[in-house]
Amino acid sequence: MTSTVKINDLSQILAPITLDFKALDEVIRLRLASKVALIDQISTYIIQAGGKRVRPALLMLVAKALANGREASHTLEMAAVVEFIHTATLLHDDVVDESTLRRGRETANAAFGNAASVLVGDFLYSRAFQMMVGPNDLRIMQILSDATNTIAEGEVLQLLNMHDPEVDEASYLQVIRYKTAKLFEASTELGAILAQATDAEREAAAAFGRHIGTAFQLMDDLLDYTANAAQMGKNAGDDLREGKPTLPLIYLLENGSAEERLLVRAAIEQNQDLPEDVFAQILSAVQSSGALDYTQAAAKREADLALACLIGFPENEATSALRALCEYSLSRQT
């Protein structure tokens, strides 16, 4: 995989849209405003928690790459819409998963309670739908409404997979495509539409988002077993403790020793806190079995497919940044 930009610093990769990011912050601040004090309080808490904002960044970079010097209208508003939808899914996810840590601080449900988190998530969804009618483009509304519905299906699929050691790789990849990659795909396709790109460019942009979104999630699966809480902003091993059969565990279930398979099955099926000694045994098995190399290779295949989607893009700094993001998706530690 080659790129004209080979850096691991995300802020440097996103340099072509530095000013856009600052403007996006202001749009988000204004659009989150509510006369209901608790909504303002929780919304501010969430936004101040930070986050990489990869999805809105992808929308803006694709729009800039394909516009190639022309003006792409409504990009900031639609980037904010994407971020609101993503944040709403995180709020709901943390309630479902009973998570207590995200981005290095207490989750909103831990700080404010489950009911408030769910309702503010609903507010973010509805605010996003208010905003998406702004460009007066039926394609934009269709893409975002379809994506939101698909994400909801993915969340239910993941719920069905919880504590199920029979989940195979194909079933898990389906959850990734629905729950994570779909919003990446919507973001990049919207960027192409806002740039008034050709149908071929729009399809390539959508495929790019789908593949790089899958790569990002697969690396999250891997980092859950290699990164610490300070790096990931959440507790290491949370996926296992929540009974989620992610790709490293699925690989171990198919390729580990009989003893390892029994241990993993029991851990996935458990409905209570996983003892630290059991987690340590499984972590050791994951690291020695080749599961992490297998997951890394799966992520690289997706990143390579994403890179191939950029072949027909104009040569400019935004396209170079998109190439660099393919590389970053595999090398990041957070």
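Because the structure is a prediction, the values reported are computed rather than measured.

What counts and what doesn't
- Residues numbered from 1 in each chain as written.
- Predicted model: local features only at pLDDT ≥ 70, side-chain atom pairs only at ≥ 80, totals over all residues.
- Heavy atoms only, no water.
- Helix = DSSP H or I, 4+ residues; strand = E, 2+ residues; numbered from the N terminus.
- Buried < 20%, exposed > 50% of the residue type's maximum accessible area, 1.4 Å probe, protein only.
- Contact = heavy atoms within 4.5 Å.
- Areas by Shrake-Rupley, 256 points an atom, 1.4 Å probe, with all protein chains shown as cover.
- Lys, Arg positive; Asp, Glu negative; His and termini not counted.
- Charge placed at Lys NZ, Arg CZ, Asp CG, Glu CD.
- Axes fitted to C-alpha atoms, helices over the stretch in contact; angles between N-to-C directions.
- Parallel < 35°, antiparallel > 145°, perpendicular 65-115°, else oblique.
- Left-handed = near helix turned anticlockwise from the far one by under 90°.
- Nonpolar A, V, L, I, M, F, W, Y, C, P; charged D, E, K, R; others polar.
- Salt bridge = Lys/Arg side-chain N within 4 Å of Asp/Glu carboxyl O.
- Expected span 1.5 Å × (residues − 1).
- Arc of directions from axis to C-beta.
- Core = buried A, V, L, I, M, F, W, Y, C linked by side-chain atoms within 4.5 Å.
- pLDDT = per-residue confidence, 0-100.

**Q** When you look at the overall build of the chain in this model, what are you seeing that I'm missing?
**A** Summing up its helical and strand segments, the chain has 17 helices and two strands in all. C-alpha extents for the chain along the principal axes are approximately 60 × 50 × 30 Å. In the chain, buried positions account for 54% of the 334 residues. Sequence separation of 24 or more characterises 78% of the internal contacts of the chain that already satisfy a separation of 6 or more. Summing over all exposed atoms, the chain offers an accessible surface of approximately 14,400 Å²; the carbon and sulfur share of this is 51%. Here the chain contributes 29 positively and 46 negatively charged side chains, and the mean placements of these two sets differ by 6 Å.

**Q** When you look at the packing of helix α10 (residues 199–223) against helix α17 (residues 317–331) in this model, what are you seeing that I'm missing?
**A** The geometry of a pair of packed helices is captured by two quantities: the angle between their axes and the separation between those axes. Packing of α10 against α17 brings their axes to within 8 Å, and their N-to-C directions diverge by 25°. Viewed along their axes, α10 and α17 adopt a mutual orientation that is roughly parallel. Along this stretch, α10 crosses α17, giving a crossing that reads as left-handed. Mapping the contact onto sequence places Phe208, Ile212, Ala215, Phe216 and Met219 in α10 and Leu322, Leu325, Cys326, Tyr328, Ser329 and Leu330 in α17. Considering only residue class, the contact of α10 with α17 consists of ten nonpolar, one polar and no charged.

**Q** Which parts of the structure should I look at to understand the pattern of salt bridges?
**A** Pairs may arise between side chains of opposite charge once their charged atoms sit close together. Going through the model one piece at a time under the given rule, you end up with 17 salt bridges. Between arginine 29 and glutamate 26 there is a salt bridge, with its nearest N and O atoms 2.6 Å apart. A residue pair is termed a helical-turn pair when its members lie 3 or 4 positions apart in one helix, as arginine 29 and glutamate 26 do in helix α2 (residues 18–31) at three residues. Take arginine 29: its relative accessible area is 52%, and that puts it in the exposed class. For glutamate 26, a relative accessible area of 36% corresponds to the partly exposed category. Residues arginine 53 and glutamate 83 are paired through a salt bridge, measuring 3.8 Å at the closest nitrogen-oxygen approach. One end of the pair, arginine 53, is in the loop between α3 (37–48) and α4 (54–67); the other, glutamate 83, is in helix α5 (residues 75–97), and 30 residues separate them in sequence. Classification of arginine 53 as buried rests on a relative accessible area of 11%.

**Q** Whenever I open this one, helix α15 (residues 276–289) confuses me. Can you help?
**A** For an α-helix the count is 3.6 residues per turn, leaving residues at separations of three or four pointing the same way. When the terminal C-alpha atoms of α15 are compared, their 20 Å separation across 14 residues agrees well with the 20 Å that a helix rising 1.5 Å per residue should span. Among all positions in α15, only Val278, Phe279, Ile282, Ala285 and Val286 are buried. With its buried residues spanning 125° around the axis, α15 presents them on a single face. Every exposed residue of α15 that faces more than 90 degrees away from the buried side is listed here: Glu276, Asp277 and Ser288. The inward-facing, buried residues of α15 abut α12 (238–241), α13 (247–255), α14 (258–269) and α16 (291–308). At the C-terminal side of α15, glycine 290 shows a positive phi close to 95°.

**Q** Which parts of the structure should I look at to understand the nonpolar core?
**A** Ranked by internal contacts, the top residues of the largest apolar core, which has 74 residues, are Leu14, Phe208, Ile212, Leu322 and Leu325. Looking at which element gives the most residues to this core, the answer is α4, with eleven residues. Ranked by size, the runner-up nonpolar core spans 30 residues in total, among them Tyr172, Met219, Leu252 and Val264.

**Q** Honestly, the packing of α14 against α15 in this entry has me stumped. Any pointers?
**A** Across the interface, α14 lies against α15 with an axial gap of 10 Å and an inter-helix angle of 130°. The pairing of α14 with α15 is recorded here as oblique in orientation. Crossing handedness for the pair α14 and α15: left-handed. Taken together, the residues of α15 that come into contact with α14 (itself represented by Glu260, Leu263, Val264 and Ala267) are Val278, Gln281, Ile282 and Ala285. Taken together, the residues of the contact of α14 with α15 break down into six nonpolar, one polar and one charged.

**Q** What exactly am I supposed to notice about the confidence of the model for the chain here?
**A** In regions of low pLDDT, the predicted coordinates are not meant to be interpreted in detail. Scored by pLDDT, the chain comes out at a mean of 90, with 93% of its residues at no less than 70. The weakest mean pLDDT in the chain belongs to helix α11 (residues 229–232) at 46; the strongest belongs to α4 at 98. Low confidence marks residues 229–234, where pLDDT is under 50. Its contacts with residues over four positions away, or in another chain, come to 19 contacts.

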